[in-house]
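Tertiary structure, described
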Amino acid sequence: MIELRSIAVTFGRGTVLETRALRGIDLSIPESEFVTVIGSNGAGKSTLLNVLAGTVPATEGRIVIDGKDVTPLPAARRARLLARVFQDPLAGTCAGLTIEENLALAEARGRGRGLKLAVRGGSRARWRDRLAELGLGLENRLGDRMGLLSGGQRQCVALLMATMAPSKILLLDEHTAALDPRTADLVVDLTRKLVAEFGLTTLMITHSMHQALGCGSRLLMLHEGRICLDVGGEAKTRLTPEDLLAEFRRRRGEELDDDALLLD
Ligand SMILES: Nc1ncnc2c1ncn2[C@@H]1O[C@H](COP(=O)(O)OP(=O)(O)OP(=O)(O)O)[C@@H](O)[C@H]1O
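Here's a quick rundown of the structure. Values in this document were obtained by computation on a predicted structure and should not be read as measured data.

Here the focus is the sheet that holds strand 2 (residues 19–29). The strand order across the open sheet built from four strands is 2-1-4-5, with neighbouring strands paired in antiparallel fashion. Each having just a single partner strand, strand 2 and strand 5 (68–69) make up the two edges of the open sheet. Bridging between strand 1 (residues 2–11) and strand 2 involves eight bridges; their strand directions are antiparallel. Pairing of L4 across the sheet is with L27, part of strand 2. On the sheet, helix 1 (residues 45–53) packs against strand 1, strand 2 and strand 4 (60–65) and is oriented at approximately 65 degrees with respect to strand 2.

With that out of the way, let us pick up the packing of helix 6 (residues 151–164) against helix 7 (residues 181–198). Close contact between helix 6 and helix 7 brings their axes to 10 Å; oriented N to C, the two are set at 10 degrees. Between helix 6 and helix 7, the angle is such that the two are roughly parallel. Residue-level contacts link G152, Q155, C156, L159 and T163 of helix 6 to T183, L186, V187, L190, T191, L194 and F198 of helix 7. Its residues assigned to classes, the contact of helix 6 with helix 7 comprises seven nonpolar, five polar and no charged.

Take the sheet that holds strand 8 (residues 201–205) next. Taken together, the six strands give an open sheet; going across it, the order is 6-7-8-3-9-10, and neighbouring strands pair in mixed fashion. Of all the strands in the sheet, just strand 6 (82–85) and strand 10 (226–232) have a single pairing partner and so form its edges. In this sheet, adjacent strand axes meet at a mean angle of 20 degrees when their direction is disregarded. By the bridge criterion, four bridges tie strand 6 to strand 7 (residues 169–173) in an arrangement that is parallel. Considered in strand 7, the bridge of V85 is made with L172. Packing of helix 6 onto the sheet brings it into contact with strand 6 and strand 7, and relative to strand 6 it is tilted by some 180 degrees.

Analysis parameters
Residues numbered from 1 in each chain as written. Predicted model: local features only at pLDDT ≥ 70, side-chain atom pairs only at ≥ 80, totals over all residues. Pairing = 2+ DSSP bridges. Helix = DSSP H or I, 4+ residues; strand = E, 2+ residues; numbered from the N terminus. Contact = placed C-beta atoms within 7 Å. Axes fitted to C-alpha atoms, helices over the stretch in contact; angles between N-to-C directions. Parallel < 35°, antiparallel > 145°, perpendicular 65-115°, else oblique. Nonpolar A, V, L, I, M, F, W, Y, C, P; charged D, E, K, R; others polar.

Next up, the structure:
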């Protein structure tokens, strides 16, 4: 269970550049819930994930994960609680290491032991099986450097690595944004599958309305640092892209178009 209690994040406080990125976010996400997060540019989506991961400190409020107040913990101390996949396929994996070494590192991190031990531990067959399920032929390329893979292939491996972490929380920060539509669909399918298989509590930022509506059981819309829409369960399954735009306008009392939301 993730609980955000009155979370505020202000950058450059007291300066002319002061930006209130999050303004009092109250949010409870039960275990295994898959939440999609949408909103216009600068709405605070990435800051929400950053404050959860600890890479940005909360200016106000508390963050509680599984009953433990993690607000004072730096990012490194939260790493075992959260796995994250970024927009940039180069960000989450090590380009100079092989696929196998990257997987071994992820596994070793999860188990708190060394790289060699993890590789020797007979994990290869398991990785091969998991990679084969992707249908990308990566099971035969365990010795290839990650830098040789396409962006989509790297994101798939990054997702697999995220599931090897001991954490049950997955943060996805526009992880398909840099991919072509077909590859993005493949990565989204894999995301759905892994989230369900491992029962991960997931927050997925997307600029795609199609993804926001098609994934997960709950949808959040952020605007100017606040949650302006929070829809789950049956109500979410009935939502259409038109509903979302209309809802946004109604709640904010503003005229916005697709460009303002940057959703497809
Ligand atoms: N490190 C930072 N220093 C100063 N301002 C920041 C910082 N990070 C984010 N901001 C500002 O906080 C606000 C929210 O940014 P954030 O990146 O969370 O938005 P977003 O919803 O993820 O936007 P986008 O869809 O464009 O990625 C923006 O005005 C942004 O310029």
